[in-house]
Amino acid sequence: MKIETTRFGDIEIKETEIISFKEGVLGFENLKEYVIFEMEDGAPLMWMQSATEPSLAFIIIRPFEFNDKYTIDISDGITEALKLEKSEDADVFAIVVIPEDPSNMTANLQGPIIINNKNKMAKQIISTNSRHKIKHYILEEMQNNRNNEQGGK
Amino acid sequence: MLVLSRKKNESIKIGDDVEIVIVDIKGDQVKLGIKAPRSISVHRAEVYEEIQRENREAAKNTTKITGLGNLFKKIKK
């Protein structure tokens, strides 16, 4: 099937690639379907493009790209809602904000997106971990993470 | 909206599974206790609003986004 996008023109996708948010994303409750694809310039970022609203595309990142100690506790309510049977089936993303100076890009770890890769059901959840903030400076944390890795060797 | 008056230690039930107890009242602050099954998520409303705001901010990535890969290459190994 074909979806229209403002940034990438018309793109051809398989229906099975569509991830669906039963409740939408907070603030965008009416839009339920998205597709995810990689950004093509070597950044560990991905696009989450709305399948129905051409102009809406979020940039997302897997949190462990910049923090290898990242963990998230997924409550029973969430696993039930997503019909998630095994934690290996879950994919976790954070939504990224790119400000005017892109080197200050931030990831929202307080409201991560959980996707069940088995059935493509998705949900934006609220993390109860107080270390998960709404703005994590991606590049800074990534550098610190690297430095720590080296320190450990 | 249903509005109820409650005193300290009184509670309200929402459905069969959720109970909200007025634990304490001091001046303009009320302390609530919430008994709910683990499948029901309970959060302060501000948290939702903050995440909504952040999502809207993220959706504004309308300007041309190029060269982000280069920023990541600068991270020292």
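Criteria and cut-off values
Residues numbered from 1 in each chain as written. Chains lettered and ligands numbered in written order. Predicted model: local features only at pLDDT ≥ 70, side-chain atom pairs only at ≥ 80, totals over all residues. Heavy atoms only, no water. Helix = DSSP H or I, 4+ residues; strand = E, 2+ residues; numbered from the N terminus. Salt bridge = Lys/Arg side-chain N within 4 Å of Asp/Glu carboxyl O. Buried < 20%, exposed > 50% of the residue type's maximum accessible area, 1.4 Å probe, protein only. Phe/Tyr/Trp six-rings, centres within 6.5 Å; stacked < 30°, edge-to-face > 60°. Contact = heavy atoms within 4.5 Å. Buried area = accessible area lost by both parts, 1.4 Å probe. Polar contact = N/O pair within 3.5 Å; in protein donor to acceptor, adjacent residues only side chain to side chain. Nonpolar A, V, L, I, M, F, W, Y, C, P; charged D, E, K, R; others polar. Pairing = 2+ DSSP bridges. Axes fitted to C-alpha atoms, helices over the stretch in contact; angles between N-to-C directions.

Engineer: Even after reading the chapter, I still don't get unusual backbone geometry, so can you show me in this structure?
Structural biologist: Both trends apply: most residues other than glycine have a negative phi, and most peptide bonds are in trans. The phi angle at Lys120(A) is positive, at roughly 65°, despite the residue not being glycine. As for its position among the elements, Lys120(A) is in the loop between strand 8 (106-116) and strand 9 (121-124). Unusually for a residue other than glycine, Asn9(B) sits at a positive phi of about 75°. Within the element layout of this structure, Asn9(B) appears in the segment before strand 1 (11-14).

Engineer: Help me out: how do you make sense of the pattern of salt bridges in this one?
Structural biologist: Pairing between side chains of opposite charge can happen when their charged atoms approach one another. Under the definition given, this model contains 10 salt bridges over all chains. A salt bridge links Asp68(A) to Lys69(A); its shortest N-O distance comes to 3.9 Å. Exposure remark for Asp68(A): the relative accessible area of 41% places this residue in the partly exposed category. The exposure class of Lys69(A) is exposed, given its relative accessible area of 64%. Between Lys135(A) and Glu54(B) there is a salt bridge, with its nearest N and O atoms 2.9 Å apart. Pair noted here: Lys135(A) is in the loop between strand 9 and strand 10 (136-137) and Glu54(B) is in helix 1 (residues 45-59), and the two residues belong to different chains. Residues joined by salt bridges that share partners form a network here, namely Lys8(B), Asp24(B) and Lys26(B).

Engineer: Where do I start with the packing of aromatic side chains in this structure?
Structural biologist: The description of an aromatic ring pair rests on the distance of the ring centres and on the angle between the ring planes. All names here are of chain A. Under the definition given, this model contains 5 aromatic pairs over all chains. For the pair Phe28 and Phe58, a centre-to-centre distance of 5.4 Å together with 85° between the ring planes defines the contact as edge-to-face. Of this pair, Phe28 sits in the loop between strand 3 (19-21) and strand 4 (33-38) while Phe58 is found in strand 6 (residues 57-61), placing the two residues 30 residues apart along the sequence. In this pair, the class of Phe28 matches that of Phe58, namely buried. Ring-pair connections join several aromatic residues into one group, and the members of that group are Phe21, Phe28, Tyr34 and Phe58.

Engineer: It is not clear to me how the interface of chain A and chain B should be interpreted in this structure. Could you clarify?
Structural biologist: When the parts come together, some accessible area is lost, and that loss is often what is quoted as the size of the interface. Each partner contributes to the interface: chain A provides 42 residues, whereas chain B provides 28 residues. Together, the buried faces of chain A and chain B total about 2900 Å²; carbon and sulfur atoms form 65% of this surface. At the surface where chain A touches chain B, the tally comes to 1 salt bridge. Across the chain A-chain B interface, the total number found is 5 residue pairs in polar contact (both at pLDDT 80 or more). Taken together, the residues that form the side of chain A that touches chain B break down as 22 nonpolar, 13 polar and 7 charged.

Engineer: Please clarify how the sheet that holds strand 3 (residues 29-35) of chain B should be interpreted in this entry.
Structural biologist: The strands making up a sheet associate through hydrogen bonds between their backbones, and the pairing can be parallel or antiparallel. Residues and elements named next belong to chain B. Read across the open sheet, the 3 strands follow the order 1-2-3; overall the sheet is antiparallel. In this open sheet, the two edge strands, each paired with only one partner strand, are strand 1 and strand 3. Put simply, the sheet's adjacent strands are angled 25° from each other on average, direction ignored. In terms of strand pairing, strand 2 (residues 18-26) meets strand 3 through 7 bridges, oriented antiparallel. Bridging from a neighbouring strand, Ile22 pairs with Leu32 of strand 3.

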